[in-house]
Amino acid sequence: MATRIVNVYNLATLKATKNGIIGNPSRKYELASDGSIPLSLLLSGQDSSLGDAESIKAEAAHVISSLSYGSPEALKVLIASRLQHALIYSLSNVSPQYPNPLTSALTRALKVYTTSLADVVGPPLWGIQVEIPEIKSDASSALEEIFKARTIVSSMDVWLPFLLSSATQISISIVWIVALTMRSQRHRDAATQWLPPSERSKETKGKRGWERPDISNSNAPNRGGGWLVRNLNELLKRKDFKVQEAALFALAAVYKDSPTVVSVIRRSLPEGDALMSVIALTRSRNVDVQLAACLCATYIIRASGPPPLGPHGAPPTYDGSPALTIIHVLNNLISSSSAHPAARTKACYVLAALTRDEKEIEKIAVEVGSLEKVVALMLEMTPRDKSEWDDDEPEAIAHLREAILIATATLTLHWDGVRRDMSSNPNPFFPCVHVYLSHPNVGVRYAACQCARVLCRSISVLRTSVVDSGMGISLFDLIRNPEEDIRVKVAALAGICNLLNDFSPMRVVLLEKGVIPIIVKLLHSDDKALKLNAIWAIKNALFNAIAREKQLIMDEVGWEFLAILLLEHDVELREQAVTVLRNLADNDWDLVYDNLGTDRIAVCIESALTSANDGIVTQGLMAMANLGNGPTAHLDALISRPRLMEAIRSSLHHFQLDVRRAAITCVLKLVGRNLREIQDAGFETTLKRMIGGPVPLSGSNDEEVVQKVRTTLALIENNRTTASR
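In this text the structure is predicted, and so the values were computed from the model without any measurement.

With respect to the overall build of the protein
Of the regular secondary structure elements, the protein holds 44 helices and zero strands. By the burial criterion, 52% of the 725 residues in the protein qualify as buried. Across the protein, the fraction of contacts at a sequence separation of at least 24, relative to all contacts at a separation of at least 6, is 71%.

Listed below in structure tokens is the structure:
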């Protein structure tokens, strides 16, 4: 039975309370919601009858640290009480120059509280986390106040200076706040651009207004990437492993997706290239420092941009040595049976972060055995029978399973040959992935879906191992389960998209099992990612489908709903909707004209062709090309619209080659149907300029575009010659 919290609070009461709530979420919620111990009041020190106010405030801060972690209900109450204000106010009344137990307790409380806020807001740092949507908005607002800068009251003016505290336990709390809570670009920019008030007056431009003071002036406040980056790099020089680990993770948070900062620190630090300094720490004797250095180096590499072109515009030579160094460290950790599961988990995630969408690095990793080691660990940990799952499996093991699957998906994403090799390998890799689709942990199921999605990208693998393992049916079961986590459904539906392609043997099976009604139900979801994958799946199901299949699918989707999607304000959804229209009109334009009507089609096509989004324009042009095969009366109604024709003509000199390809394909189709409208709209002059007329258009065209332009001009000239006879 829970002990009742009394209204009398003193040092002994607070200590007893702290000890009573550790590891007890229900007691945390009881205390936070009871309100009988006014923690915010204790922190602010407004009650002079407390006796030893400093000790009481320190103990209250310890209670807050415990309340902030492990209980969503308690966190909700703390957010509602605007705890961040009390913490910032309390820190504003102590000095970084004079460390004491109160300052240590306050900075630790701020670290735990802000980290919990960031975990709710996301994105997650390692794998997926339990979502708490009901407090996400309030948590985001509270976090914004923590990173408030350059206003009348700047929160960072209060807490960031404690980074320079001489007491390690104080400064390291601030470093961890940067490392664990700075997850958005807005917060990165705010923290990296922050300067102490004493240095702001020195922040001036160069004599020439366009000069970057942080580059041109070695004494500028923003030199070396800014105050925060300079001081975090100073902490790396300490011999304390815990300080080095925290500083490296903080620098990783700063460098992530920050090419401007990275370009500065790679050439302006006194020690030379920051990447080499971080790479040196990957050889630390401490595993935690190794992992932090690997992550930090990963984000430096990814933000450094592509190497410059060689002589005479030759393709750049990729220097993979820094990435290779990181990969060797990670491989050793992943394959080490003595390494802690948490270390191996982080190693898998860092490997995934390093190689994600970087084909050259991915290739290097596979060549030096990363995939082999990750798969070996998977096989070692996986039971062959899903009935063997332990409901009480430690979270650390579940997290490791999730990390292994994410690393596997990342390492097999771009190279079809790698996926085919895994399919021909006699080891039970595919059954392992299939088993994980039914794991009790949501993160493991999500990661298994990501892995299955990647494996379904290969035609040969899809037709053999994926079908044989039963993976496709399991993905279908996940998307139709109303109780399934929405993130798992999003990932499973991405796999279903591949299974619905025309070359997939699973396509007919899924259609017969009723996958389309399930997908249409998801298409009406409020979740953007789920809705996007649903319309993507519809698009794939319609590609190269026969007329009867198209009609059955659209009976489920609804033509009116498609018309709404074709004018959707979200560009990603709209691009897929226009592609649906393109696939419907391919060889079956009558189906589209009959169900949407010429006027509505004209409005949707015109809107697509005048979009600022290249993808929408490209798909709109291809849809127009397919519709150009339709009856003359319908086609004449479309091309009689001046704005639509001008949009097509303008697309011929679009800066994106893909748009120009689609435009000339469309024009070539229209020329064969209604040459006079093409001539009257001024297309001939634009076409001549595309292949070097009197005033050539900017931008180079490939052989496909040039050949189609020449063919189109030949048709126009031939018609002119015929007409003059």
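Describing empty space enclosed by the protein
Using the criterion set out here, one finds one cavity of 30 Å³ or more in the structure. Roughly 40 Å³ of internal volume is contained in the largest cavity. Lining the largest cavity we find Leu523, Ile535, Ile538, Val557, Leu562, Leu565 and Val580. Mapped onto the lining of the largest cavity, the elements with two or more residues apiece are helix H32 (528–542) and helix H34 (559–565).

A few points about the packing of helix H31 (residues 515–523) against helix H33 (residues 547–557)
Running from N to C, H31 and H33 cross one another at 40 degrees; their axes reach a closest spacing of 9 Å. Of the two elements, H31 crosses H33, and the hand of that crossing is right-handed. Between H31 and H33, the residues in contact are Ile516, Pro517, Val520 and Leu523 and Ile553, Glu556 and Val557, respectively. Grouping the constituent residues of the contact of H31 with H33 by class yields six nonpolar, no polar and one charged.

Concerning the pattern of salt bridges
Under the counting rule described, the total for this entry stands at 22 salt bridges. Here Glu572 and Lys528 are joined by a salt bridge, their closest N and O atoms 2.7 Å apart. Pair noted here: Glu572 is in helix H35 (residues 571–585) and Lys528 is in helix H32, with a separation of 44 residues, a long-range link. Exposure remark for Glu572: the relative accessible area of 41% places this residue in the partly exposed category. As a salt-bridge pair, Glu704 and Lys708 come within 3.5 Å of each other at their nearest N and O atoms. Highlighted residues: Glu704 and Lys708, both in helix H44 (residues 703–724), separated by four residues, approximately one helical turn. Residue Glu704 is classed as partly exposed on the basis of its relative accessible area of 39%. Each member of the salt-bridge network shares a partner with another, and the members are Asp416, Arg419 and Arg420.

A short note on the packing of aromatic side chains
Per the counting criterion, the structure on display carries six aromatic pairs. Judged by centre distance (5.2 Å) and plane angle (80 degrees), the ring pair of Phe429 and Phe430 falls under edge-to-face. As far as burial versus exposure is concerned, Phe429 and Phe430 are alike and both buried. One aromatic cluster is present, formed by Trp126, Trp176, Phe249 and Tyr349 through successive ring pairs.

Observations concerning the nonpolar core
Among the nonpolar cores identified, the biggest contains 243 residues, and Trp159, Tyr255, Ile479, Ile496, Ile519, Met624 and Ile648 are the most heavily contacted of them. Looking at this core, the element that brings in the most residues is helix H18 (residues 287–303), giving 12 residues. Among residues more than four places away in sequence, those in contact with Met624 are Ile605, Leu635, Leu638, Ile639, Leu644, Ile648, Cys666 and Leu670.

Let's talk about the side chain of Asn533
Inspection of the secondary structure assignment puts Asn533 in helix H32. If we ignore the near neighbours within four places in the chain, the residues touching Asn533 are Val490, Leu493, Ala494 and Cys497.

Focus on the packing of H18 against helix H19 (residues 321–335)
The relative placement of two packed helices comes down to the angle between their axes together with the axis-to-axis distance. Where H18 meets H19, the axes come as close as 10 Å, and the angle between the chain directions of the two elements is 145 degrees. Crossing of H18 against H19: the hand is left-handed. On H19, the residues touching Val287, Gln290, Leu291, Cys294, Ala297, Thr298 and Ile301 of H18 are Pro322, Ala323, Ile326, Val329, Leu330 and Leu333. Split by residue class, the contact of H18 with H19 holds 11 nonpolar, two polar and no charged.

Section: helix H39 (residues 632–639)
Of all the residues in H39, the buried ones are Leu635, Leu638 and Ile639. Angular distribution of buried residues about the axis of H39 spans 85 degrees; they occupy a single face of the element.

What to know about the environment of Val262
Position of Val262 among the secondary structure elements: in helix H16 (residues 259–268). Remark: the alpha-carbon pair of Val262 and Gly305, spanning 43 residues in sequence, is separated by 9.6 Å. Those residues in contact with Val262, other than ones at most four positions away along the chain, are Tyr255, Ile300, Ala303 and Ser304.

Let's talk about helix H22 (residues 370–381)
The terminal C-alpha atoms of H22, which comprises 12 residues, lie 17 Å apart, in line with the 16 Å expected from a rise of 1.5 Å per residue. Among all positions in H22, only Ser370, Leu371, Val374, Val375, Leu377, Met378, Leu379 and Met381 are buried. On its buried side, H22 packs onto H19, helix H20 (341–355), helix H21 (359–367), helix H23 (395–411), helix H24 (416–424) and helix H25 (429–436).

Topic: unusual backbone geometry
A cis geometry characterises the amide bond from Gly122 onward to Pro123, with omega recorded as -5 degrees. Even without glycine at this site, Asp257 takes up a positive phi of about 55 degrees. Looking at Asp257, the relative accessible area reads 53%, which means it is exposed. In this structure, Asn544 is a non-glycine residue whose phi angle is positive, near 60 degrees. Mapping Asn544 onto the fold places it in the loop between H32 and H33.

Observations concerning the environment of Thr711
Locating Thr711 in the fold gives a position in helix H44. In this structure, the C-alpha to C-alpha distance between Thr711 and Leu668, residues 43 residues apart in sequence, is 7.8 Å.

A closer look at the environment of Ala191
Turning to its location among the elements, Ala191 is positioned in helix H11 (residues 185–192). Considering only alpha carbons, one finds Ala191 and Phe147, 44 residues apart in sequence, at a separation of 7.2 Å.

Considering the confidence of the model for the protein
With 87% of its residues at a pLDDT of at least 70, the protein reaches an overall mean of 86. Below pLDDT 50 for its whole length, residues 1–7 participates in 12 contacts with residues either more than four positions away or in separate chains. Note on residues 205–219: pLDDT under 50 across the span, and 14 contacts to partners over four residues away in sequence or across chains.

Some words on the side chain of Asn583
Counting through the fold element by element, Asn583 comes out in helix H35. Within the structure, Asn583 has its side chain in polar contact with the backbone oxygen of Lys539 (distance 3.0 Å). The contacts of Asn583, once residues within four sequence positions are left out, are Lys539, Leu542, Phe543 and Lys550.

What counts and what doesn't
Residues numbered from 1 in each chain as written. Predicted model: local features only at pLDDT ≥ 70, side-chain atom pairs only at ≥ 80, totals over all residues. Heavy atoms only, no water. Helix = DSSP H or I, 4+ residues; strand = E, 2+ residues; numbered from the N terminus. Buried < 20%, exposed > 50% of the residue type's maximum accessible area, 1.4 Å probe, protein only. Contact = heavy atoms within 4.5 Å. 1 Å grid on protein atoms, 1.4 Å probe; cavity = no way out; pocket = protein on both sides within 12 Å on 5 of 7 lines; lining within 4 Å. Points joined across faces, edges and corners; volume = space filled by probe spheres on them. Axes fitted to C-alpha atoms, helices over the stretch in contact; angles between N-to-C directions. Left-handed = near helix turned anticlockwise from the far one by under 90°. Nonpolar A, V, L, I, M, F, W, Y, C, P; charged D, E, K, R; others polar. Salt bridge = Lys/Arg side-chain N within 4 Å of Asp/Glu carboxyl O. Phe/Tyr/Trp six-rings, centres within 6.5 Å; stacked < 30°, edge-to-face > 60°. Core = buried A, V, L, I, M, F, W, Y, C linked by side-chain atoms within 4.5 Å. Arc of directions from axis to C-beta. Expected span 1.5 Å × (residues − 1). pLDDT = per-residue confidence, 0-100. Polar contact = N/O pair within 3.5 Å; in protein donor to acceptor, adjacent residues only side chain to side chain.

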